[in-house]
Amino acid sequence: ARTGLRVTSEESLSWWAGRFAELGVAHGGVALRDGRTTLDFEDEEGQRLSLVVDASPAEFSPWQGSRVPREHQIRGLGPILLSVPHLEPTEQVLTNVLGMRRLREYLLPGGSDGSSAQPVMVVVFAMGAGADGGAATELHVAAEPSLPPASPGAGGVHHVAFRTPTLEAYQGWVERLKALRIPSSGPVDRFYFRSLYFREPGGILFEIATDGPGFDADEPLAHLGERLALPPFLEPRRAQIEAGLQPL
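Throughout what follows, the structure given in this document is the object of discussion. (Residues numbered from 1 in each chain as written. Predicted model: local features only at pLDDT ≥ 70, side-chain atom pairs only at ≥ 80, totals over all residues. Heavy atoms only, no water.)

What about the nonpolar core?
Item 1. In this structure, Leu 82, Leu 94, Leu 98, Leu 139, Phe 198 and Phe 206 are the most contacted members of the largest nonpolar core, which totals 24 residues.
Item 2. Elements represented by at least two residues in this core include exactly strand 5 (76-84), helix 2 (87-97), strand 7 (120-126), strand 8 (138-143), strand 9 (160-164), helix 3 (167-179), strand 11 (193-199) and strand 12 (205-213).
Item 3. The element that contributes the greatest number of residues to this core is helix 2, accounting for four residues.
Item 4. Dropping the residues within four chain positions of it, Leu 82 is found in contact with Ala 1, Leu 139, His 140, Val 141, Ala 142, Val 160, Ile 204 and Phe 206. (Core = buried A, V, L, I, M, F, W, Y, C linked by side-chain atoms within 4.5 Å. Buried < 20%, exposed > 50% of the residue type's maximum accessible area, 1.4 Å probe, protein only. Helix = DSSP H or I, 4+ residues; strand = E, 2+ residues; numbered from the N terminus. Contact = heavy atoms within 4.5 Å.)

Right under this line is the structure:
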């Protein structure tokens, strides 16, 4: 329902609000949500996004070629807000299958899409054990039985992906889902990483994906994103794919 992008300060939110206004990007005002300062915005297709202040230490590799100053650059994804009809079946998968922890709850005015006349309760789950890993480790779940099912299309999100560090850990997840008799895609080779897909009871598609081999498997790390790189199984369709792309 909403994808969070992490920044490090309220000054960054002010900088981004000015950039959105300059470029005509639909956005709300700076607000406090779940104890974090947040700025909601949407892309041209209506995808709901947020910039979230999170000072927790996390991996960050600044892009030297960006027009965004280093101190305001996006640090990474999270938190992610999901909307499901009922909390309990989804919670069972998050905690008993994926090993997440239930952390806290908060009220979300207007609900996940802003249409609710009453605040909606959101439950926060976290990945990993031990100390608080911050917004990068969080999954926020709103139970909203009155909303209609989502339909694929512009502005939507196809799936939520979770990282697993090694092929050995990835294979462990393949075997775990099989042992629990949870239907899945089985192992999928994406060339840049390995994937495993399954649906939780609320209908949301989850992916478990490896970090490696990595997006530098076929081009230098220092030049990622300067050209359209395609995995070998899509290379024969390059002309068709390029014809359908919009310029950035």
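A short note on the packing of aromatic side chains
Item 1. Scanning the entire structure with this criterion turns up eight aromatic pairs.
Item 2. Between Trp 16 and Phe 20, the ring centres sit 5.8 Å apart and the planes meet at 45 degrees, which makes this aromatic pair tilted. With a gap of four residues between them, Trp 16 and Phe 20 both fall in helix 1 (residues 10-23), about one helical turn apart.
Item 3. Relative accessible area serves as the criterion here: at 6%, Phe 20 is assigned to the buried category.
Item 4. When the ring of Phe 162 is compared with that of Phe 206, the centres are 5.2 Å apart and the planes differ by 75 degrees; the resulting orientation is edge-to-face. Separated by 44 residues along the polypeptide, Phe 162 in strand 9 and Phe 206 in strand 12 bring together distant segments of the chain. In terms of burial, Phe 162 and Phe 206 fall into one category: buried.
Item 5. Seen from the ring of Phe 60, Arg 75 lies directly overhead, with NZ or CZ sitting 3.9 Å from the centre. (Phe/Tyr/Trp six-rings, centres within 6.5 Å; stacked < 30°, edge-to-face > 60°. Lys NZ or Arg CZ within 6 Å of the ring centre and 35° of its normal.)

Details of the sheet that holds strand 12
Item 1. Pairing is mixed across the open sheet formed by four strands, whose spatial order is 9-12-11-10. The open sheet terminates on both sides in strands that have one partner only, identified here as strand 9 and strand 10 (188-189).
Item 2. Of the pairings in the sheet, the one linking strand 9 to strand 12 comprises five bridges and is parallel in character. Among the inter-strand pairings, Thr 164 is bridged to a residue of strand 12, identified as Thr 210. (Pairing = 2+ DSSP bridges.)

Observations regarding the side chain of Arg 36
Item 1. With respect to the element layout, Arg 36 can be found in strand 3 (residues 36-42).
Item 2. Excluding residues that lie within four positions of it along the chain, Arg 36 makes contacts with Ala 31, Val 52, Val 53, Asp 54, Arg 104, Gly 134, Ala 135 and Glu 138.

Points about the environment of Leu 107
Item 1. Note that Leu 107 resides in strand 6 (residues 101-108).
Item 2. For Leu 107, a relative accessible area of 51% translates into the label exposed.
Item 3. Among all residues touching Leu 107, those that are not within four sequence positions of it are Pro 119, Val 120 and Met 121.

Quick notes on helix 1
Item 1. Compared with an ideal rise of 1.5 Å per residue, which puts 14 residues at 20 Å, helix 1 spans 20 Å between its outermost C-alpha atoms and is within 8% of the ideal.
Item 2. Looking only at helix 1, the buried set comprises Ser 12, Leu 13, Trp 16 and Phe 20. The arc enclosing the buried residues of helix 1, seen along the axis, measures out at 100 degrees, which places them on a common side. Summarising the geometry of helix 1, the exposed residues directed more than 90 degrees from the buried face are Glu 11, Ala 21 and Glu 22.
Item 3. Positive backbone phi, approximately 75 degrees, marks Gly 24, located one or two places after helix 1. (Expected span 1.5 Å × (residues − 1). Arc of directions from axis to C-beta.)

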